Amino acid sequence: MTSRKLRLNLFIYPGGHHEAAWRHSGTDPGRLLDIGLYQDLARRAERAAFDAVFFADGPSLADNVRYASRFRLEPFTWLSAIAAATERIGLIATASTTYTEPYNLARLFASLDHLSRGRAGWNIVTTGAPQAAGNFGLDAHPVHAERYDLAREFVDVVTRLWDSWEDEALVADQRSGLFADTDRIHEIDHSGPHLKVRGPLNLPRSPQGRPVYVQAGSSDDGRAFAAAHAEAVFTAHQTLRSGQEFYADVKARASVLGRDPGRLLVLPGISPFIGSTEAQARALHEEFNDLTQPDYSLQLLHRLLGLRLSAAELDGPVPRRLIETGGERGNGSRFRLVLDIIEREEPTVRQLLHRLAGARGHRVVAGTPEQIADQIQEWFEHGAADGFNIMPPWLPGGFDLFADQVVPILRSRGLFRTAYDGTTLRDHYGLPRPRATAPTSSKEYA
């Protein structure tokens, strides 16, 4: 038994996380745009006392939507409908610092936090898809380092907007007639190299003070950003050793900055295929892989590695010598993860494509409920994770199996809660509610 508890999020992707999920008999593609499906999933995750549902987003259409369900529902609309159908579970949405205005983003998340009574979380991304630039009037996508420079300033501006109302500013005293103490509402008067924002925000401080800060990205810039700002980190790792290295590094960086590393949660993704026997689970995995379409998979490989291969090369080795490690692509953490698979396992092209089909580089496991629980426990107890983003290969059945068969094992081992202890996402994650920072003049940025 341990007093430290796992954090579990349900990471929802339309249809499921395997690229061929929409083709599988367990998926109804006619419901991929049905909010009732997602409300049912969120209620199911809430009954299992999951910390949060997480909804990813990106501001462009995926190049390979021809073969997979890779469209994007707008997350605030989606999560508002989820909030109305649930009471406790956290609501985490992705929003880009590259392609969003900070004032609008601050309003959206504060509104979601108010309407859900304190359940909002912001997955902070800089957006890696270059095709997004044309949707926002840009001739070119900003390079990696520039995106992170903007992100640091962006997060500071949003934080100060959320703090522009002190907690005591909203009075609402019907007898005196005083609604708000304007001495406790402050302009932020920010003027920096990328952003100019006056403030204050046009609604009071939200129930959590600030929505939970989540970050996704494991590059060196991403690790530095997480250490400085994040309260939870979504990350992808294939091996225990890689997970341990990331876990130790990002927490050490946070400690150097004077932060409590226990208040920075590391949450890798895991996509489980579950069977009554290991052979059954592996057969289920192969059943999904047999539905993949090479044209889709090869496009994904080109986007990740820059390799242009044909279907005729599927059963040959991955040509490592053709992969260029420099440039913008080489800075990406997912690039390095896939390169590590190639160098460590020496797979054929088909084998690599099947590895990536399950969850786009996140860890895919196939086994019995006990074996899945064993792997989760190993990473949790050996310094690689504070919890996990559960990425069901298909929905809703893939999540039902996990909730019905794996969660009870984790509970019997004393690893996961049986019921919520609080009402907000900060409560679930064991994070304090921050006080509003005192108003300051605009920061200087290097």
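Structure: see above.
Not measured: the values here are computed from a predicted model.

K.L.:
What am I meant to see in the overall build of the protein here?
P.N.:
Secondary structure summary: the protein contains 14 helices and 13 strands in total. In terms of C-alpha radius of gyration, the protein reaches 22 Å, essentially the compact-globule figure of 22 Å for 446 residues. By residue count, 54% of the 446 residues in the protein fall in the buried class. Of the accessible surface of the protein, which amounts to about 19100 Å², a share of 49% is contributed by carbon and sulfur atoms. In the protein, which carries 50 positive and 55 negative side-chain charges, the distance between the mean positions of the two groups comes to 2 Å.

K.L.:
What is the right way to read the packing of aromatic side chains from this model?
P.N.:
Aromatic ring pairs are described here by two measures, namely the spacing of the ring centres and the angle between the planes. Counted under the stated rule, the structure contains 19 aromatic pairs. Here Phe 76 and Phe 109 contribute two aromatic rings whose centre-to-centre distance is 4.7 Å and whose plane-to-plane angle is 75°, an arrangement assigned as edge-to-face. With a gap of 33 residues between them, Phe 76 in helix α2 (residues 75–85) and Phe 109 in helix α3 (residues 102–115) connect regions that are remote in the sequence. In this pair, the class of Phe 76 matches that of Phe 109, namely buried. A centroid spacing of 5.9 Å and a plane angle of 40° characterise the contact between Phe 109 and Trp 122, whose relative ring orientation is tilted.

K.L.:
Even after reading the chapter, I still don't get empty space enclosed by the protein, so can you show me in this structure?
P.N.:
One way to see where empty space is left: roll a probe the size of a water molecule over the atoms. One pass over the structure, following the stated rule, counts two cavities of 30 Å³ or more. Taken as a whole, the largest cavity holds about 50 Å³ of empty space. In this structure, the largest cavity is lined by Ile 12, Tyr 13, Pro 14, Phe 55, Ala 56, Asp 57, Phe 71, Arg 72 and Leu 73. Counted by class, the lining of the largest cavity contains seven nonpolar, no polar and two charged residues. Volume-wise, the second largest cavity comes out at about 30 Å³. As for the second largest cavity, its lining consists of Glu 19, Ala 20, Trp 22, Arg 23, Tyr 67, Leu 291, Thr 292, Gln 293 and Tyr 296. Here the residues of the lining of the second largest cavity are counted per class, giving five nonpolar, two polar and two charged.

K.L.:
In this structure, what is going on with the nonpolar core? I would like to understand it.
P.N.:
As a rule of thumb, nonpolar side chains are buried together in soluble globular proteins. Phe 50, Val 53, Trp 122, Trp 162, Phe 388, Phe 402 and Leu 410 are the most contacted members of the largest nonpolar core, which has 71 residues in total. When residues in this core are grouped by element, the largest group, nine residues, is from helix α4 (residues 144–162). Discounting chain neighbours no more than four positions away, the residues touching Phe 402 are Leu 8, Phe 50, Pro 272, Ile 274, Ile 372, Ile 376, Ile 390, Val 407 and Leu 410. Residues Leu 300, Leu 307, Leu 337 and Leu 352 belong to the second largest nonpolar core, which totals 21 residues.

K.L.:
Even after reading the chapter, I still don't get helix α1 (residues 35–47), so can you show me in this structure?
P.N.:
Helical periodicity: at 3.6 residues per turn, an α-helix aligns residues three or four positions apart in one direction. Helix length check: α1 (13 residues) gives 18 Å between terminal C-alpha atoms against 18 Å at 1.5 Å per residue, within 8%. Of the residues making up α1, those classed as buried are Gly 36, Leu 37, Tyr 38, Gln 39, Leu 41, Ala 42, Arg 44, Ala 45 and Glu 46. If you follow the buried residues of α1, they end up packed against β1 (7–12), β2 (52–55), α2 and α13 (397–412). With a side-chain oxygen lying 2.8 Å from the backbone nitrogen of Gly 36, the N-terminal cap of α1 falls on Asp 34. With its phi angle positive at about 65°, Ala 49 sits one or two positions after the end of α1.

K.L.:
Looking at this structure, how should I read the pairing of β1?
P.N.:
Within β1, six of the six residues are buried, which leaves the element mostly enclosed by the surrounding structure. Along β1, one buried face is formed by Arg 7, Asn 9 and Phe 11 and the opposite face, lined by Leu 8, Leu 10 and Ile 12, is buried too. Taken together, the four bridges between β1 and strand β13 (residues 387–390) define a ladder with parallel strand orientation. For Asn 9, the partnering residue across the bridge sits in β13 and is Asn 389. By the bridge criterion, four bridges tie β1 to β2 in an arrangement that is parallel. Residue Phe 11 lies in a different strand from β2, and its bridge partner there is Phe 54.

K.L.:
What am I meant to see in unusual backbone geometry here?
P.N.:
Negative phi values dominate among residues other than glycine, just as trans dominates among peptide bonds. With an omega of 0°, the peptide bond running from Gly 199 to Pro 200 counts as cis. With respect to the helices and strands, Pro 200 occurs in the loop between β8 (196–197) and β9 (212–216). Here Leu 395 and Pro 396 are connected by a cis peptide whose omega angle stands at 5°. A positive phi angle is found at Thr 127, which is not glycine, with a value near 70°. As for its placement among the helices and strands, Thr 127 is situated in the loop between β4 (120–125) and α4. You can call Thr 127 buried: its relative accessible area is 10%.

K.L.:
Explanation requested: the environment of Asp 57 in the structure shown.
P.N.:
Here Asp 57 lies in the loop between β2 and α2. The exposure class of Asp 57 is partly exposed, given its relative accessible area of 26%. For the pair formed by Asp 57 and Arg 72, sequence separation is 15 residues and the distance between their alpha carbons is 6.1 Å. When residues no more than four places from it in sequence are discounted, the contact partners of Asp 57 are Arg 72, Leu 73, Pro 75 and Thr 94.

K.L.:
I would appreciate a short explanation of the packing of α2 against α3 in the present structure.
P.N.:
Two quantities define a packed helix pair, namely the angle between the helix axes and the distance between the axes. At their nearest, the axes of α2 and α3 sit 10 Å apart, and the two run at 5° to each other. Overall, the two elements α2 and α3 adopt an arrangement that is roughly parallel. Contacts between α2 and α3 involve Phe 76, Leu 79 and Ser 80 from the first element and Leu 108, Phe 109 and Leu 112 from the second. Among the residues forming the contact of α2 with α3, the class breakdown is five nonpolar, one polar and no charged.

K.L.:
Is there a simple way to think about the pairing of β2 in this case?
P.N.:
On a regular strand, one side chain projects to one face of the sheet and the next to the other, so that they alternate. The two faces of β2 match: Ala 52 and Phe 54 on one face and Val 53 and Phe 55 on the other face are all buried. Handedness of the crossover is the feature at issue here: the chain leaves β1, passes through α1, returns alongside β2, and the resulting connection is right-handed. Alignment of β2 against strand β3 (residues 90–96), held across four bridges, turns out to be parallel. Within β3, the residue paired with Val 53 across the bridge is Leu 91.

The rules behind the values
- Residues numbered from 1 in each chain as written.
- Predicted model: local features only at pLDDT ≥ 70, side-chain atom pairs only at ≥ 80, totals over all residues.
- Heavy atoms only, no water.
- Helix = DSSP H or I, 4+ residues; strand = E, 2+ residues; numbered from the N terminus.
- Rg over C-alpha atoms; globule rule 2.2 N^0.38 Å.
- Buried < 20%, exposed > 50% of the residue type's maximum accessible area, 1.4 Å probe, protein only.
- Areas by Shrake-Rupley, 256 points an atom, 1.4 Å probe, with all protein chains shown as cover.
- Lys, Arg positive; Asp, Glu negative; His and termini not counted.
- Charge placed at Lys NZ, Arg CZ, Asp CG, Glu CD.
- Phe/Tyr/Trp six-rings, centres within 6.5 Å; stacked < 30°, edge-to-face > 60°.
- 1 Å grid on protein atoms, 1.4 Å probe; cavity = no way out; pocket = protein on both sides within 12 Å on 5 of 7 lines; lining within 4 Å.
- Points joined across faces, edges and corners; volume = space filled by probe spheres on them.
- Nonpolar A, V, L, I, M, F, W, Y, C, P; charged D, E, K, R; others polar.
- Core = buried A, V, L, I, M, F, W, Y, C linked by side-chain atoms within 4.5 Å.
- Contact = heavy atoms within 4.5 Å.
- Expected span 1.5 Å × (residues − 1).
- Polar contact = N/O pair within 3.5 Å; in protein donor to acceptor, adjacent residues only side chain to side chain.
- Pairing = 2+ DSSP bridges.
- Axes fitted to C-alpha atoms, helices over the stretch in contact; angles between N-to-C directions.
- Parallel < 35°, antiparallel > 145°, perpendicular 65-115°, else oblique.
- Right-handed = clockwise from strand over helix to strand, strands pointing away.

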